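Below are the chains, spelled out letter by letter.
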Amino acid sequence: MFEKNIKLKTVFEQVERVSSYLFAREWAERNGGNLSINVTEEMGTVLQEDLERAIFVEDTRVLEELKGSSFFITGTGLRIRDLNVGKMAQNACILRVSECGTGYHILWGGHRENFRPTSELSTHFAIHLNLINRGGRHKALLHTHPHELIVMTHNSILCKTSDILTHNLWKMIPEVRVFVPKGVAFIPYEMPGSQTLADKSLIQLEKRDVLVWEKHGALATGVDLDDAFDYVDVANKGAKVFLKCLSAGFEPEGLSCEQMSELEVQYLKK
Ligand SMILES: [Zn+2]
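So, here is what we can say about the structure in this document. Please read all numbers here as calculations on a predicted model, not as lab measurements. Sequence order sets the numbering: in each chain, residues are counted from 1 along the sequence as written. Confidence filtering applies because this is a predicted model: local features only for residues at pLDDT of at least 70, side-chain atom pairs given and counted only at 80 or more, and all residues used for totals across whole chains, interfaces and linings.

Attention shifts here to the overall build of the protein. Numbering of helices and strands runs from the N terminus; a helix is a DSSP stretch of H or I covering at least four residues, while a strand is a stretch of E covering at least two. Within the protein, the regular secondary structure consists of 11 helices and 9 strands. Radius of gyration: over C-alpha atoms. The globule rule applied is 2.2 Å multiplied by the number of residues raised to the 0.38 power. Compactness check: the protein gives a C-alpha radius of gyration of 19 Å against a globular reference of 18 Å for 270 residues, within 12% of the reference. Once the C-alpha set of the protein is aligned to its principal axes, its extents read approximately 65 × 40 × 35 Å. Residue pairs qualify as contacts under a 7 Å threshold applied to their C-beta atoms, which are placed from the backbone. Of all intrachain contacts in the protein linking residues separated by at least 6 positions in sequence, the fraction that spans at least 24 positions is 72%.

Below, the discussion takes up the packing of helix 5 (residues 121-134) against helix 9 (residues 195-205). Structural elements are reduced to axes, namely lines fitted to C-alpha atoms, with helices fitted over the stretch in contact, and the angle between N-to-C directions of any two is expressed from 0 to 180 degrees. Closest axis-to-axis distance for the helix 5/helix 9 pair is 9 Å, and the angle between their directions is 25 degrees. Relative to helix 9, the element helix 5 is oriented roughly parallel. As helix 5 packs across helix 9, the resulting crossing turns out to be right-handed. The residues of helix 9 that touch helix 5, namely those facing S122, T123, A126, I127 and N130, are Q195, L197, A198, S201, L202 and L205. Note that Gly is not counted as nonpolar here; it falls among the polar residues with everything else outside the nonpolar set of Ala, Val, Leu, Ile, Met, Phe, Trp, Tyr, Cys and Pro and the charged set of Asp, Glu, Lys and Arg. Residues belonging to the contact of helix 5 with helix 9 are distributed by class as follows: 6 nonpolar, 5 polar and no charged. Throughout, the term roughly parallel applies to angles under 35 degrees, roughly antiparallel to angles over 145, roughly perpendicular to angles from 65 to 115, and oblique to all others. Rotating anticlockwise by less than a right angle from the far helix to the near helix defines a left-handed crossing, while the corresponding clockwise rotation defines a right-handed one.

Buried Ala, Val, Leu, Ile, Met, Phe, Trp, Tyr and Cys residues form a nonpolar core when they are connected through C-beta atoms within 7 Å. Burial is judged by counting the other C-beta atoms within 10 Å of a residue's own C-beta: 20 or more makes it buried, 12 or fewer makes it exposed, and any count in between marks it as partly exposed, with every C-beta position built from the backbone. If you look at the biggest cluster of nonpolar residues, it comprises 66 residues, and the most contacted ones within it are L142, L169, V210, L211, V212, L225 and A235. A per-element tally of this core places helix 10 (residues 225-247) first, with 9 residues. Those domain boundaries reflect an automatic or database domain assignment. Taken domain by domain, the makeup of this core includes at least three residues from each of domain 1 (6-144) and domain 2 (147-268). In this view, L169 contacts V176, V184, A235, G238, A239 and F242; residues no more than four positions away in its chain are not counted.

By the burial criterion, the buried members of helix 9 are L197, S201 and L205. Buried residues of helix 9, seen end-on, are gathered within an arc of 60 degrees and therefore sit on one face of the element. Seen from the open side of helix 9, the exposed residues pointing more than 90 degrees away from its buried face are T196 and I203. Where the residues of helix 9 are buried, they touch helix 5, strand 7 (184-187), strand 8 (210-213) and strand 9 (217-222). Our arc is simply the arc of the directions from the helix axis toward the C-beta atoms.

Moving on: the environment of V180. Mapping V180 onto the fold places it in the loop between helix 8 (174-179) and strand 7. Separated by 37 residues in the primary sequence, V180 and H143 place their C-alpha atoms 16 Å from one another.

So, on to the packing of helix 1 (residues 6-24) against helix 10. Axis separation between helix 1 and helix 10 bottoms out at 9 Å; the angle between their running directions is 20 degrees. In terms of axis orientation, helix 1 runs roughly parallel to helix 10. You can see that helix 1 and helix 10 cross each other, and the crossing is right-handed. Here Q14, V15, V18 and Y21 of helix 1 come into contact with helix 10, specifically with L225, D226 and F229. Counted by class, the contact of helix 1 with helix 10 contains 5 nonpolar, 1 polar and 1 charged residues.

Shown next as structure tokens:
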């Protein structure tokens, strides 16, 4: 019933395109990764008859403060590579948090037996609420498994602190310094989908552009899905060049402090 909504169509097209990038990069094996987008604005006014037609799911992970908000969100256990127009409604849904704040209505998609939103739902809800409260423009959230960033987290020296990890990435090419300006947070290992991981991610997202979960994957938000993808992609480029240098048998020199300062003056201090 929402297929004719032009704004939503644009969101679906972006999901399809970015999902294809994730799969092409091998960052989305099997059911690896998940994504969500706040589509409250795109949905416009939701009619009572639409709510009555929709499936209602009670869920303790719902945050009451999000009542009335709608999200495009991927399903648990489903493949990112199946997020194409033909299969999207089976592998993702648009849910609207109920007015009573105890669950959500599935307004679109979820056309599969036992469909449920991603197991990282707690993290997605917590971050979206935080984004709303901060009043910024970010509406999309992407979690994926970029190889090189994950590899960096398997070495405790490279990731001893978020500042050390960030510096290791920033110094590799100018673009990382400029387009990941707040750097990358390192979050020590936590159980995927846990509330602890959600809480720690929330704190770090206020300070950094990209989060790296130890031995797991990365997470970023953006104005839209392309923007969130860019943050992860650029950060991962730093990790890739760093590791390529090590593979070639030498420690990377990295940009000098002077070169980094020049970049900051030229591109970041305006
Ligand atoms: Zn993951």
